[in-house]
Amino acid sequence: MAEIQLSLSVLLPILLLLYFLKLLWSRRHYPPGPLAFPIIGGLWRIAFEKEIDGMTPIKAAKQYGNVFTLWLGHFPVVFLCGFDAVKEGLVDHSEGFLDRGLTPFFQKLSEGKGVGFASGHAWKKQRRLGQMALAKLGVGKRIMEDKIEDEAQQLVEIFASQKGKPFDPILFITNSVSNVTFSLMYGYRWPVEDPNFEKLIKSNEYLSNFGLTIFYALYELFPSIMDRLPGPHKKAMEMTEMLLSLSKEEIRKHKEQEPTQEPRDFIDYYLREMEKEKNKNDPTSTVDEENLMHSIHDIYFGGLGNSSSIIQFAIIILANRPDVQDKIFKEIEDVVGSSNICYDDHKRLPYTHAVIHEIQRYRFPAIIGIPRQTTRDVHMRGYIIPKGTIIVPNLLSVLLDDEYWETPHKFNPNHFLDKDGNFVARKEFLGFSTGPRSCLGENMARMELFIFLTRLLRVFHFQPPPGVKKLIEEPVKNATLPPHPYKVCAIPRNS
Ligand code: HEM
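Rules used in this analysis
Residues numbered from 1 in each chain as written. Predicted model: local features only at pLDDT ≥ 70, side-chain atom pairs only at ≥ 80, totals over all residues. Heavy atoms only, no water. Near = heavy atom within 4 Å. Polar contact = N/O pair within 3.5 Å; in protein donor to acceptor, adjacent residues only side chain to side chain. Helix = DSSP H or I, 4+ residues; strand = E, 2+ residues; numbered from the N terminus. Nonpolar A, V, L, I, M, F, W, Y, C, P; charged D, E, K, R; others polar. Salt bridge = Lys/Arg side-chain N within 4 Å of Asp/Glu carboxyl O. Buried < 20%, exposed > 50% of the residue type's maximum accessible area, 1.4 Å probe, protein only. Donors = N, O, S within 2.8 Å, 3.2 Å for Na, K, Ca; no water. Contact = heavy atoms within 4.5 Å. Pairing = 2+ DSSP bridges.

Peer 1: Just checking my understanding: could you explain the site of the ligand for this structure?
Peer 2: The environment of the ligand is made up of 25 residues, and the closest members are Arg100, Arg127, Arg372, Ser433 and Cys439. Between the ligand and Arg372, the relevant distance is 2.6 Å, taken from an oxygen atom to a side-chain nitrogen or oxygen of the residue. With respect to the ligand, the side chain of Ser433 contributes an N or O atom lying 2.5 Å from an oxygen atom. The element contributing the most residues to the shell around the ligand is helix H14 (residues 289-319), with 6 residues. Classifying every residue of the shell around the ligand gives 12 nonpolar, 9 polar and 4 charged.

Peer 1: Whenever I open this one, the pattern of salt bridges confuses me. Can you help?
Peer 2: Proximity of charged atoms lets side chains of opposite charge pair with each other. The full count for this structure, using the stated rule, is 35 salt bridges. Residue Arg455 pairs with Glu149 through a salt bridge whose shortest N-O separation is 3.8 Å. Here Glu149 lies in helix H7 (residues 142-160) and Arg455 lies in helix H18 (residues 442-459), a separation of 306 residues in the sequence. The pair formed by Arg455 and Glu149 is uniform in burial state, with each residue classed as buried. Glu277 is paired through a salt bridge with Lys280; the nearest N and O atoms lie 3.4 Å apart.

Peer 1: What is the right way to look at the coordination of the iron atom of the ligand in this model?
Peer 2: Six octahedral donors around a metal ideally subtend angles of 90 or 180 degrees, whereas four tetrahedral donors ideally subtend 109.5 degrees. Coordination of the iron atom of the ligand by the protein comes from a single atom, Cys439 (SG), at 2.3 Å. Inspection of the secondary structure assignment puts Cys439 in the loop between helix H17 (395-399) and H18.

Peer 1: Explain the environment of Val177 to me, please; I cannot follow it from the model alone.
Peer 2: Tracing the sequence through the fold places Val177 in helix H8 (residues 170-185). The buried category is assigned to Val177, whose relative accessible area is 1%. With 123 residues separating them along the chain, Val177 and Tyr300 place their C-alpha atoms 9.9 Å apart. Those residues in contact with Val177 that sit more than four places away from it in its chain are Ser307, Ser308, Ile311, Glu448 and Phe452.

Peer 1: For this particular structure, what's the right way to read the pairing of strand E2 (residues 75-81)?
Peer 2: Here is the key point about a regular strand: its side chains alternate between the two faces of the sheet. Where burial is concerned, most of E2 is hidden: 7 out of the 7 residues are buried. Both faces of E2 are covered, namely the face carrying Phe75, Val77, Phe79 and Cys81 and the face carrying Pro76, Val78 and Leu80. Here strand E1 (residues 67-72) runs beside E2; their pairing, made up of 6 bridges, is antiparallel. Bridge pairing in E2 places Thr69 opposite Val78. Counting the residues in the hairpin turn of E1 and E2 gives 2 residues, including Gly73, whose phi is positive at 60 degrees. One ladder, built from 5 bridges, connects E2 with strand E7 (residues 390-394); its direction is parallel. Looking at the pairing, Cys81 lines up with Asn394 of E7.

What follows is the structure in structure tokens.
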């Protein structure tokens, strides 16, 4: 026994030393970053941070450069920070950085299916299908605008029913934004009290919080061990299963419906494409029910978290700034008068348009965004990033890049206005990412933000509840940076 102990105490340090030397050797062509040790990799660098938040990679970039490597255990993750590096990666090396970076946890949840987490040929097919379906169902056109207007109007009525008293608008906003996507996906809306809607919101919340827990990190480092152990990671998986089963049930119901001439919604459209694909007898086809289920999930969450979080923040930011609200109100009154506002009016409302962009810049709803993966060896800035490396294009760092934004950490609509008050589209505004894999729902999201916010601001003046000086503008520190729970007063303008 003593001999075994002795050999272990000699062997283990030697093995660790060899492992450390191997890591040092592997690192030589990668961009610089914290020294990587066996088991923990470069995570020690983060462990010394007071708290881990959206600023953590930005601070690391100041030390190691805008393209740096953080070793998570034994696998390297390359971060791109700031506008120049992110643009260089996603546009100049767009093909090389095209695949989705699936860490063990995301591989487990998504199985690389759907549109948001697929790669290669499968992704191209699902993305194309998604784009065609959205175009066919009227995204970017009047049909979608009508749906958004209906939802915005319902939200106005809910806010009006609060009669200017303090209330929590978060769930109502989430429900209205979800309903735009539900009508697109399923062909109908879910009322706020629908038990499935509640399940959806709770799961989304749980999954967003889970992203910054130690159990999440442990799963990424030791997936096969964690697969055998109970814990919150298992709950996160069950929740994803439950969410997928809701889509499965909708697909089943759609299959039983009488066919119509034109597709009624996304599921209808996809099922028709599946039929066409069956006739081609292509064994490599990825147009199937599993991919449909995951695509619904990706489109729903792609839209929900982002659009609804930005509208929730918009109300906080504007309630804290009555002058900005009044300026928007006056611009709408002067330009549109009492006519209906449509999305095209954004061209005539430069100040309003600038404020909406600035809200999205100032409170971007993702701590790091969705990782990519290299499809081949990429030569960038003198480094070699080997095929298969996970890449994090850090969009938050672009929107807070102090080389491009005059007051990156301050809300400032002038970021998007010239000296004559005209709207200026800034190339550094990568709020929907850039390159061939940028946000699939950008047109829809732009419409949602504009229509929801102009409708609300035309009818209400938002203000903090009596006795509250200022609503909290800092986000909750989880993967999706939502606002803290809050109450606000929506005072009707005509009262
Ligand atoms: C203001 C709201 C939104 C913001 C800020 C936003 C932002 C983003 C970002 C940053 C990405 C990652 C792109 C990349 O990997 O480079 C993305 C991807 C995606 N978004 Fe959005 N999004 C919004 C709304 C929507 C909506 C409404 C939809 C649904 C129609 C949607 C569907 C998707 C999908 C499916 C992807 C994955 C695309 C792919 O991997 O090919 N998003 N979005």
